[in-house]
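# Working through the structure, step by step
Given next are the chains, with one letter for each unit.
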Amino acid sequence: MRKVLYLFLIMAVVMMLGGQALAQTYVVGTSADFPPFEYMEDGEFVGFDMDLMRAIAEEMDFEIEFRDISFDSLIPGLRTGTIDIVIAAMTITEERARAVDFSDPYYVANQSIIVREDSGFNLTVLFGDNRIGAQTGTTGDLWVTEELYDEGILTGRVVRYETFDLAIEDLVNENVEALVLDRPVAERFVEARPLVLVGEIITHEEYGIAVDRGNEELLAKINEGLEKVVDSGRMGELIDKYFE
Ligand code: GLN
């Protein structure tokens, strides 16, 4: 009898170890300067996207490890395999979808324009000889470059920043006249700084979670997890937590 018990004990330990080894860990890249989607608080990754990714991993029984990378290095990171997943309030665009595969959309947003509160600038800041800032490689950057600068509407400069923290500092310090960025994030920055939102650009962008092109297995897990998070009501809770 003791022998049998002993055998069971060994089997249980082996099963536990096996189970641990089987729980796959994925490296998740983000650009943690984009509240309320992803930012750092006391050395922790926090925000809507971070909680959403944790919830998906929990539903689908895999482990994740976040890595903070500049926004324009996220897609190259997926391609070279230094990261497995990207969640970064990333808009699903045709061009990006040629390089990587996106999950089902999980959020919709527009672009917006912010200026200093005391500057007297309004929407017309985009037309003329001004310096307009955007984060490198974002849809805001593309919109300002293609729709305004290339068209000769903006005759000043497009100033590109690696992170939004730097862009916000430059706007506050009068080194640029305006910034173009996703509206939910702009709203967060104007609450915290002497800035004001003066216009919205209806781009109706859908955010998706990205994996390397052709990684169907991982994409299927993410989509299934996303669906479970929505169906269980956790998505609604996250929206209430970060957007109320
Ligand atoms: N949604 C924008 C984009 O995909 C901005 C994302 C970001 O800066 N994190 O380009």
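Let me sum up the structure you'll find in this document. (Residues numbered from 1 in each chain as written. Predicted model: local features only at pLDDT ≥ 70, side-chain atom pairs only at ≥ 80, totals over all residues. Heavy atoms only, no water.)

So, on to the overall build of the chain. Scanning the chain from terminus to terminus reveals nine helices and 13 strands. Along the first, second and third principal axes, the C-alpha atoms of the chain reach 85 × 35 × 30 Å. For the chain, the proportion of its 244 residues judged to be buried stands at 47%. Counting only contacts in the chain whose residues sit at least 6 apart along the sequence, the fraction spanning at least 24 positions is 74%. When the accessible area of the chain is evaluated, it comes to approximately 12,600 Å², of which 51% is carbon and sulfur surface. (Helix = DSSP H or I, 4+ residues; strand = E, 2+ residues; numbered from the N terminus. Buried < 20%, exposed > 50% of the residue type's maximum accessible area, 1.4 Å probe, protein only. Contact = heavy atoms within 4.5 Å. Areas by Shrake-Rupley, 256 points an atom, 1.4 Å probe, with all protein chains shown as cover.)

This brings us to the side chain of Glu205. Residue placement: Glu205 occurs in strand E12 (residues 195-207). Although Glu205 is buried, it forms no salt bridge, and the closest oppositely charged side chain is Arg96 at an N-O distance of 6.2 Å. Separated by 2.6 Å, the side chains of Glu205 and Thr91 make a polar contact. When neighbours within four sequence positions are excluded, Glu205 is seen to be in contact with Thr91, Tyr107, Val108, Ala109, Gln111 and Thr139. (Lys, Arg positive; Asp, Glu negative; His and termini not counted. Salt bridge = Lys/Arg side-chain N within 4 Å of Asp/Glu carboxyl O. Polar contact = N/O pair within 3.5 Å; in protein donor to acceptor, adjacent residues only side chain to side chain.)

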